Amino acid sequence: MAETQTSAPSVPTRSPEFGPSFEDLPKHFAAGGDIVMSHVLAVLSSVFPDGEDYFVRSVAAVRDQIDDPRLRADVEGFIGQEEMHGREHRALNERLSELGYPSRAIGKYVRWLFETREHIHNPRLHLAFTAALEHYTATLAETLLSDEDARAEIGDDGVRSLLLWHALEESEHKAVAFDVYRAVGGTERMRIAVIWLTHLLFVLETTAWTVISLTMDPALRRHPLRVLRSAARVPRSPFTRPRAVRQLFQYNHRGFHPNDRDTTELIKHWRGRLFGTDGALTGLLAS
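Residues numbered from 1 in each chain as written. Predicted model: local features only at pLDDT ≥ 70, side-chain atom pairs only at ≥ 80, totals over all residues. Heavy atoms only, no water.

Some details on helix α7 (residues 176-183)
Within the span of α7, buried status applies to V176, A177, F178, V180 and Y181. On its buried face, α7 is in contact with α1 (35-60), α2 (69-98), α4 (123-146) and α8 (188-215). Two residues or fewer past α7, G185 is found with a positive phi of approximately 95°. (Buried < 20%, exposed > 50% of the residue type's maximum accessible area, 1.4 Å probe, protein only. Helix = DSSP H or I, 4+ residues; strand = E, 2+ residues; numbered from the N terminus. Contact = heavy atoms within 4.5 Å.)

Let's talk about helix α12 (residues 264-274)
Taken as a whole, α12 has its buried residues at L266, I267, W270 and L274. Projection of α12 onto a plane perpendicular to its axis shows the buried side chains occupying an angular sector of 95°, all on one side. Those residues of α12 that are exposed and angled more than 90 degrees off the buried face are T264, E265, K268 and G272. Looking at the buried residues of α12, the elements they touch are α4, α5 (148-152) and α6 (157-172). (Arc of directions from axis to C-beta.)

A look at the nonpolar core
Counting 38 residues, the largest nonpolar core has F29 and V159 as the members making the most contacts within it. Residue contributions to this core peak at eight residues, all from α1. In contact with V159, not counting residues within four places along its chain, are F22, L25, F29, L92 and I154. Formed by 35 residues, the second largest nonpolar core is a distinct cluster that contains I66, I79, F129 and V180. (Core = buried A, V, L, I, M, F, W, Y, C linked by side-chain atoms within 4.5 Å.)

Concerning the packing of α4 against α8
Between α4 and α8, the shortest axis-to-axis distance is 9 Å and the interhelical angle comes to 55°. Between α4 and α8, the angle is such that the two are oblique. Seen along the crossing, α4 lies across α8 with a hand that is right-handed. In contact with R124, L125, A128, F129, A132, L133 and Y136 of α4, α8 contributes M190, V194, I195, L197, T198, H199 and F202. Taken together, the residues of the contact of α4 with α8 break down into eleven nonpolar, two polar and one charged. (Axes fitted to C-alpha atoms, helices over the stretch in contact; angles between N-to-C directions. Parallel < 35°, antiparallel > 145°, perpendicular 65-115°, else oblique. Left-handed = near helix turned anticlockwise from the far one by under 90°. Nonpolar A, V, L, I, M, F, W, Y, C, P; charged D, E, K, R; others polar.)

Description of the packing of aromatic side chains
For the coordinates displayed, the defined rule picks out eleven aromatic pairs. With 4.2 Å between their ring centres and 15° between their planes, Y54 and F114 make a pair best called stacked. Here Y54, found in helix α1, pairs with F114, found in helix α3 (residues 103-117); they are 60 residues apart in sequence, far enough to count as distant. Owing to a relative accessible area of 0%, Y54 belongs among the buried residues under this scheme. Relative to W209, the ring of Y109 has its centre 5.8 Å away and its plane inclined at 55°; by these criteria the two rings are tilted. Taken together, the residues span a long stretch of sequence, with Y109 in helix α3 and W209 in helix α8 at a distance of 100 residues. The buried category is assigned to W209, whose relative accessible area is 16%. Grouped by ring-pair contacts, the aromatic residues Y54, F55 and F114 constitute a single cluster. Above the face of the F275 ring, R14 is positioned so that its terminal group lies 4.6 Å from the ring centre. (Phe/Tyr/Trp six-rings, centres within 6.5 Å; stacked < 30°, edge-to-face > 60°. Lys NZ or Arg CZ within 6 Å of the ring centre and 35° of its normal.)

This is how it looks when you write it as C-alpha cells:
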C-alpha cells in the first residue's frame with residue numbers, strides 16, 4: 001500500500017486499500033462486541049463519503065481565488081486526502097450494509113442534505129460548514145490518536161487501522177478549509193453562527209440515525225439489557241468525555257484557529273508509526 005506525496009509535504013496524498021481487511025468484519029465490531037458503539041461508529045462511517053465529497057466541492061469551488069501558493073498546494077493535498085477517505089469508507093460501508101446497517105440509506109440522506117444545502121449559492125457559507133465539520137473530525141481524530149482508551153474502543157483491527165489513517169490525515173489538513181474560508185473573506189460572525197448550527201445538527205442527526213440503526217438490529221430484541229448497558233457506557237466514552245466536548249466548543253470563541261491546538265508532535269509520531277521508510281502502511285495496529 002504505497003504512499004504518493006504531492007508537492008505539499010504537510011498534506012500528502014496516500015492511497016492505501018483497506019477493503020480486504022473488512023471481509024471478516026463481525027456485526028458488532030467495537031471492543032467487546034459493544035452493540036451501541038458499533039452502531040455509532042457505523043453511522044459515522046456512513047456519513048463520511050458524501051460529507052467529504054461536499055467538503056471537496058466547497059473548497060474546490062474557490063481555489064482559483066487563493067493567492068497564497070502554500071495554501072493552494074495544501075488545498076490540492078486536502079482534496080486528494082478527502083477523496084481517498086471517501087473511497088475507503090465506501091468499501092467499509094458496503095460491508096456494513098451487508099451486515100444489516102443502514103449505511104446506504106444514511107449515505108443517500110447525507111447526499112440529499114448537502115445537495116439541498118448547495119441550492120444556496122453562497123460559497124462562503126459552504127466553506128463555513130466545511131470548516132465547522134472539519135473541526136469535528138479534527139477533534140475526533142486528536143482524541144483517537146492521543147488516547148489509548150479511544151483506540152481500544154474499536155475492537156476490529158481493520159476498522160481501527162482505517163480510522164487511524166483517517167485521523168492522521170484529518171490532523172494534517174485540519175486548518176485548510178478554515179484558512180480557505182478566511183482567504184475568501186469569511187467573517188467571524190458567520191463562522192460562529194454556523195458552528196452553533198453544526199453542534200445542533202450533528203448531535204440530533206447522529207443520535208437519530210444511531211437509534212434507527214439500532215431498531216433494525218435483532219440484538220435489540222434478543223439482548224435488551226445488553227443494549228441498555230452498552231448505551232449507558234456511551235457518556236463515559238473517550239469521544240464524549242468533557243475534554244473532547246471542551247475541545248469542540250473552543251471553535252465558538254472569537255479569534256479561534258485550528259492550529260491553536262498544536263498537534264505537530266502527534267502528527268509526527270503517527271506518521272512514523274503508520275508509515276515506514278518505504279511509504280507503506282505498516283499493517284493492522286493493535287493499539
